[in-house]
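Commentary on secondary and tertiary structure
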Amino acid sequence: MHADDLRRLIVRLAAEPDSGIRARGYREAASGSLVRIAPGRHVVAEEWDALDDDAQHRLRVLAASGRLAPDDIVSHWSAAALWRLPLIGRWPERVHVTSPVTSHRKSTSTLVRHRRALATPATQLDGVALTSLAETVIDVARVGTFAQAVAVGDAALWRAQHPRDAGGMPGLTLAQLEHVWHESVEHRGLARARRMLQFIDGRANRPGESLVRVTLAALGALAPVLQHPIVMPDGTRYDLDFYFPESDVGLEFDGRAKYFDPAFRNGRSAEQVVYDEKIREDQVRSQLRGFGRCNWTVAGSAPLLAALLRRIGVRW
């Protein structure tokens, strides 16, 4: 959803000149009919519930941005949401901002404040001042889990390599990320960010694929080939998410978005997507010794993923 469409959902009770309407609005907020997302900012509960997790946090950021100090810069998870970077897990309920080192402003019930100097100049997106894309990726790597860091890093690299498919959002090269890492004044978390830089791969285009790669590394399994092409006798080409050449085995990440998100269905019904995937799987299986699919639960569990790999013939 576009930022302007999200902003139109914000109800500003404090700005309502009619005291009767204000009072009714606060009663609705107390009853749960309105959801408070920032001081003086609410959203109708039904409209809030209709948003996915990504859009909900973006709306929190947009609602809070009008109340920030001039030198507060949206950062970390909240900047990642505005940059449309993926998150493994749930977005925070508070908005993250970075303030100057000399600032004495504290975190609040709706804001988490980080104090430090930025490595790159702040920029603007959706009418909000926020950290650059590269600094945002490094910041998430500093404070997040390794899987979360890899997901945002993979996504940034993938966008640079596939600009036509990136929905208008910019991407990054590894060199750009490494430059920001070297320029960082804040040393806390830099070792974690360095580990991310050594692992990310722009061929992984979904956070589920990033999670599989992280779990494979934890298992000590041989690194698979990403987006491996399988060419059928009739010339049809399929790209496998993961291919293990030593075992001649393919593995696909199978998230719900493939079946239910219109962005992935290309106008097809969920039933048609399931049918097309069945045809594709049958053809791919005919060219391999083994093939399997994993979902979010398996991708994030070393024991479950290990059991799946052994079942389809991957050895390490």
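Rules behind the numbers
- Residues numbered from 1 in each chain as written.
- Predicted model: local features only at pLDDT ≥ 70, side-chain atom pairs only at ≥ 80, totals over all residues.
- Heavy atoms only, no water.
- Helix = DSSP H or I, 4+ residues; strand = E, 2+ residues; numbered from the N terminus.
- Buried < 20%, exposed > 50% of the residue type's maximum accessible area, 1.4 Å probe, protein only.
- Contact = heavy atoms within 4.5 Å.
- Core = buried A, V, L, I, M, F, W, Y, C linked by side-chain atoms within 4.5 Å.
- Phe/Tyr/Trp six-rings, centres within 6.5 Å; stacked < 30°, edge-to-face > 60°.
- Salt bridge = Lys/Arg side-chain N within 4 Å of Asp/Glu carboxyl O.
- Expected span 1.5 Å × (residues − 1).
- Polar contact = N/O pair within 3.5 Å; in protein donor to acceptor, adjacent residues only side chain to side chain.
- Pairing = 2+ DSSP bridges.
- Axes fitted to C-alpha atoms, helices over the stretch in contact; angles between N-to-C directions.
- Parallel < 35°, antiparallel > 145°, perpendicular 65-115°, else oblique.
- Left-handed = near helix turned anticlockwise from the far one by under 90°.
- Nonpolar A, V, L, I, M, F, W, Y, C, P; charged D, E, K, R; others polar.

Of note, leucine 226 is situated in strand E9 (residues 225–231). Taking the relative accessible area as the measure of exposure, leucine 226 reaches 5% and is therefore buried. Sequence separation of leucine 226 and phenylalanine 242 is 16 residues, and the distance between their C-alpha atoms is 4.9 Å. Setting aside residues up to four positions removed in sequence, leucine 226 forms contacts with Asp201, Arg203, Ala204, Arg213, Leu240, Asp241 and Phe242.

Turning next to the nonpolar core. If you look at the biggest cluster of nonpolar residues, it comprises 78 residues, and the most contacted ones within it are Leu59, Val74, Val137, Leu177, Val212 and Leu251. No other element matches helix H7 (residues 146–161), which puts nine residues into this core. Setting aside residues up to four positions removed in sequence, valine 212 forms contacts with Phe242, Leu251, Phe253, Cys294, Ala299 and Leu305. Membership of the second largest hydrophobic core comes to eight residues, among which are Met232, Tyr243, Leu288 and Phe291.

A few words on the packing of aromatic side chains. All told, the structure shown has two aromatic pairs when counted by the stated rule. Measuring from centroid to centroid gives 5.1 Å for phenylalanine 253 and tryptophan 296, while their planes differ by 80 degrees, and the two rings are edge-to-face. Linking phenylalanine 253 in strand E11 (residues 249–253) with tryptophan 296 in helix H14 (residues 296–299), this pair joins segments that are 43 residues apart in sequence. Look at phenylalanine 253 and you get buried, because its relative accessible area is 3%.

With that settled, consider the pattern of salt bridges. Summed over the entire model, instances satisfying the criterion amount to 18 salt bridges. Of the charged contacts in the structure, one is a salt bridge between aspartate 139 and arginine 142, with a shortest N-O distance of 3.3 Å. With aspartate 139 and arginine 142 both in helix H6 (residues 133–143) and three residues apart, the pair spans about one turn of that helix. One exposure class covers both aspartate 139 and arginine 142, and it is buried. Here aspartate 201 makes a salt bridge to arginine 203, at a shortest N to O gap of 2.7 Å. Judged by its relative accessible area of 17%, aspartate 201 falls in the buried class. On the accessibility criterion, arginine 203 (39% relative accessible area) is partly exposed.

Positioned with a positive phi, arginine 84 is a non-glycine residue whose angle comes to about 60 degrees. Counting through the fold element by element, arginine 84 comes out in the loop between helix H5 (76–82) and strand E5 (95–99). Although it is not a glycine, aspartate 126 adopts a positive phi angle of roughly 55 degrees. Turning to its location among the elements, aspartate 126 is positioned in the loop between strand E7 (123–125) and strand E8 (128–130). On the basis of relative accessibility, which here comes to 19%, the residue aspartate 126 falls in the buried class.

Our focus in this paragraph is helix H4 (residues 53–65). Helix length check: H4, at 13 residues, gives a terminal C-alpha distance of 18 Å against a target of 18 Å (1.5 Å per residue), a fit within 8%. Listed as buried for H4 are Ala55, Gln56, His57, Arg58, Leu59, Arg60, Val61, Leu62, Ala63, Ala64 and Ser65. Of the residues that open H4, the one with a side-chain oxygen 3.2 Å from the backbone nitrogen of aspartate 54 is aspartate 52.

Here the focus is the sheet that holds strand E2 (residues 34–38). Across a sheet, paired strands are connected by hydrogen bonds in the backbone, their directions being either parallel or antiparallel. Strand order in the open sheet formed by three strands is E1-E3-E2, with antiparallel pairing between adjacent strands. Where the open sheet ends on each side, the last strands, each with one partner, are strand E1 (10–11) and E2. Across the face of the sheet, H4 comes into contact with E1, E2 and strand E3 (41–44) while running at roughly 65 degrees to E2.

Here the focus is the side chain of serine 78. Along the chain, serine 78 turns up in helix H5. Overall, the relative accessible area of 0% leaves serine 78 in the buried class. Look past the residues within four positions of serine 78 in its chain and what remains in contact with it is His57, Val61, Arg94, Val95 and His96.

Helix-helix packing: each pair is described by the crossing angle between the helix axes and the interaxial distance. Packing of H7 against helix H10 (residues 207–219) leaves a shortest axis separation of 9 Å and a crossing angle of 130 degrees. It follows from the interaxial angle that H7 and H10 lie oblique. Between H7 and H10 lies a crossing whose hand is right-handed. Within the contact between the two elements, H7 uses Phe146, Ala147, Val150, Ala151 and Asp154 and H10 uses Pro207, Ser210, Leu211, Arg213 and Val214. Classifying every residue of the contact of H7 with H10 by side-chain character gives seven nonpolar, one polar and two charged.

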